[in-house]
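Analysis of the macromolecular model
Take a look at the letters that make up each chain.
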Amino acid sequence: QVQLVESGGGWSQPGGFLRLSCAAAGSIASIYAMCWYRQAPGDPREFVATISRGGTTNYKTAVRGRFTISRDNARNTVYLEMNGLKPEDTALYYCNVQGRLRGQAQPFDAWGQGTQVTVSS
């Protein structure tokens, strides 16, 4: 089993900064991609950013240049630094981690519980 623990959400004024963290715990052999998604009320869940084990990143166009995804492979943790926050960034943010457990050939695809980000004046 893999558990993902998210932290760092909260409230920010427009133009502000928040940093999200997501730590993966369990009998993990390897982690491949680590991603962030978000879901606003009434909308489907959408991709925000991803980072490969080697550090290659990709972003949703609307956040590119404002958000930065990074990871600490030694701690099985992924981060999302959000600068220049806008009201439209308000959503429940989920981390998603893909990898493999020790002793298992089948990869896992795990989701965090979500952390709320609210941007308003």
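Below: a short report on this structure.

**Brief notes about the sheet that holds strand 3 (residues 18-26)**
Strand order in this open sheet of 4 strands is 1-3-8-7, and the pairing throughout is antiparallel. Pairing within the sheet leaves two strands with one partner each, and these edge strands are strand 1 (2-7) and strand 7 (67-72). Each neighbouring strand pair of the sheet contributes to a mean axis angle of 15°, computed without reference to strand direction. Summarising the sheet, strand 7 and strand 8 (residues 77-82) pair through 6 bridges and their orientation is antiparallel. From the neighbouring strand, D72 faces strand 8, where its bridge partner is T77.

**Observations concerning the side chain of S12**
Among the structural elements, S12 can be located in strand 2 (residues 10-12). When residues no more than four places from it in sequence are discounted, the contact partners of S12 are F17, L18, L85, T118, V119 and S120.

What counts, and where the lines are drawn
- Residues numbered from 1 in each chain as written.
- Predicted model: local features only at pLDDT ≥ 70, side-chain atom pairs only at ≥ 80, totals over all residues.
- Heavy atoms only, no water.
- Pairing = 2+ DSSP bridges.
- Helix = DSSP H or I, 4+ residues; strand = E, 2+ residues; numbered from the N terminus.
- Axes fitted to C-alpha atoms, helices over the stretch in contact; angles between N-to-C directions.
- Contact = heavy atoms within 4.5 Å.

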